[in-house]
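Next come the chains, spelled out residue by residue.
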Amino acid sequence: MALAGVCSSSGLANESGYGNLIQPKIVELIQQANTAQLRGENARAMACAEAVTMPGSVKVRVFLDGVPLDQQLKISSAVERSLKQWEQAVDGQTQFEIVSSGPASIRIRAANSVRLMGKEIAGHAVWSRDVQDWGLGQFRAKVSADIDLRYERPDGGYFSEDALVHATMHELGHVLGLWDSPEIGTIMGPLQLDRPVTALSQSEINSLMSARNQAWIVAEACGASQMAARFPGRNSR
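Residues numbered from 1 in each chain as written. Predicted model: local features only at pLDDT ≥ 70, side-chain atom pairs only at ≥ 80, totals over all residues. Heavy atoms only, no water.

Engineer: Help me understand the pairing of strand E7 (residues 138–150), please; the structure alone is not making it clear to me.
Structural biologist: A regular strand carries its side chains on alternate faces of the sheet. Judged from the six bridges that link them, strand E3 (residues 106–111) and E7 form a sheet pairing that is parallel. Bridge pairing in E7 links Ile106 to Ala145. Where strand E6 (residues 123–135) folds back on E7, the antiparallel hairpin that results is connected by two residues, among which Leu136 adopts a positive phi of roughly 55°. (Pairing = 2+ DSSP bridges. Helix = DSSP H or I, 4+ residues; strand = E, 2+ residues; numbered from the N terminus.)

As structure tokens, this is what we get:
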């Protein structure tokens, strides 16, 4: 994630119809889900849809090794606020569970400095989104991410909790399928340390939900019984 005035940020346009914030991989998976469903390959279609929507519980682990105690509390609070906002934005389709040990799909590591290509940045995420073929007609989605989250300002001192929220929500946005935006004043835009953003814009929510809803449509076309097994809670909405 870019720090405004320190590192530039740019969006990436696409012609998917979901807006220029949606990652091409998300568009590709929706297309694969549609194709598989039309061919009657429901298990493959469901897995592609699941890779887009990340339904149910997703485990998140936060690593605070070497972080001062007062900053640990601030970072933990910022992460909780960020996860809750994203849960609300996706209508509870994805539920984040913070765990203190064991494996987790999303791993967040706090660091006093984060750099990318020699430039100071507020955070950085590396994620993967795949559909695994287990054989015998079985497919499973796997989404995994590692997030580096900065908590010290380049000019000295520490990030405010709101700045941490902006940075955390931005990186989680990548994990959920959004690209960077050049628009200052949005979650997916650059972070201004003295004017952080702590709420998603309606356009950000609409872009993400437009793509996710297309994935849900494919999943629902695969049948109610499979939906109930792979996407708990969806039919109750």
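Having seen the model, we can carry on.
Engineer: Would you explain the nonpolar core in this entry?
Structural biologist: Inside soluble globular proteins, nonpolar side chains tend to come together where they are buried. Formed by 61 residues in total, the largest nonpolar core has its most connected members in Ile75, Trp86, Phe96 and Ile106. For this core, the element with the highest residue contribution is helix H4 (residues 161–176), accounting for eight residues. In contact with Trp86, not counting residues within four places along its chain, are Phe96, Met169, Leu172, Gly173, Leu176, Leu178, Leu200 and Leu208. (Core = buried A, V, L, I, M, F, W, Y, C linked by side-chain atoms within 4.5 Å. Buried < 20%, exposed > 50% of the residue type's maximum accessible area, 1.4 Å probe, protein only. Contact = heavy atoms within 4.5 Å.)

Engineer: In this structure, what is going on with the pattern of salt bridges? I would like to understand it.
Structural biologist: Side chains bearing opposite charge may pair, as long as their charged atoms lie close to each other. A full pass over the atoms with the stated rule returns 10 salt bridges. Across the salt bridge formed by Lys25 and Glu28, the nearest N and O atoms sit 3.8 Å from each other. Residue Lys25 and its partner Glu28 are located together in helix H1 (residues 24–38), separated by three residues, close to a single helical turn. The class of Lys25 is partly exposed, set by a relative accessible area of 31%. On the basis of relative accessibility, which here comes to 34%, the residue Glu28 falls in the partly exposed class. Taken together, the shared-partner salt bridges connect Arg81, Glu161 and Asp162 into one network. (Salt bridge = Lys/Arg side-chain N within 4 Å of Asp/Glu carboxyl O.)

Engineer: Before we go on, may I ask you to explain the side chain of Gln71 in this structure?
Structural biologist: Note that Gln71 resides in helix H3 (residues 69–89). With a relative accessible area of 3%, Gln71 lands in the buried category. There is a polar contact of 3.3 Å between the side chain of Gln71 and the side chain of Asp70. Side chain to side chain, Gln71 and Lys74 meet in a polar contact 3.2 Å long. Not counting residues up to four positions away in its chain, the partners in contact with Gln71 are Tyr151, Tyr158 and Phe159. (Polar contact = N/O pair within 3.5 Å; in protein donor to acceptor, adjacent residues only side chain to side chain.)

Engineer: Just checking my understanding: could you explain the packing of helix H2 (residues 42–53) against helix H5 (residues 202–221) for this structure?
Structural biologist: For any two helices packed against each other, the geometry is given by the interaxial angle and the distance between the axes. Across the interface, H2 lies against H5 with an axial gap of 9 Å and an inter-helix angle of 155°. Taken together, the axes of H2 and H5 lie roughly antiparallel to each other. Two packed elements cross with a definite hand, and for H2 against H5 that hand is left-handed. Taken together, the residues of H5 that come into contact with H2 (itself represented by Ala45, Met46, Ala49, Val52 and Thr53) are Ala211, Arg212, Ala215, Trp216, Val218 and Ala219. When grouped by side-chain class, the residues that make up the contact of H2 with H5 number nine nonpolar, one polar and one charged. (Axes fitted to C-alpha atoms, helices over the stretch in contact; angles between N-to-C directions. Parallel < 35°, antiparallel > 145°, perpendicular 65-115°, else oblique. Left-handed = near helix turned anticlockwise from the far one by under 90°. Nonpolar A, V, L, I, M, F, W, Y, C, P; charged D, E, K, R; others polar.)

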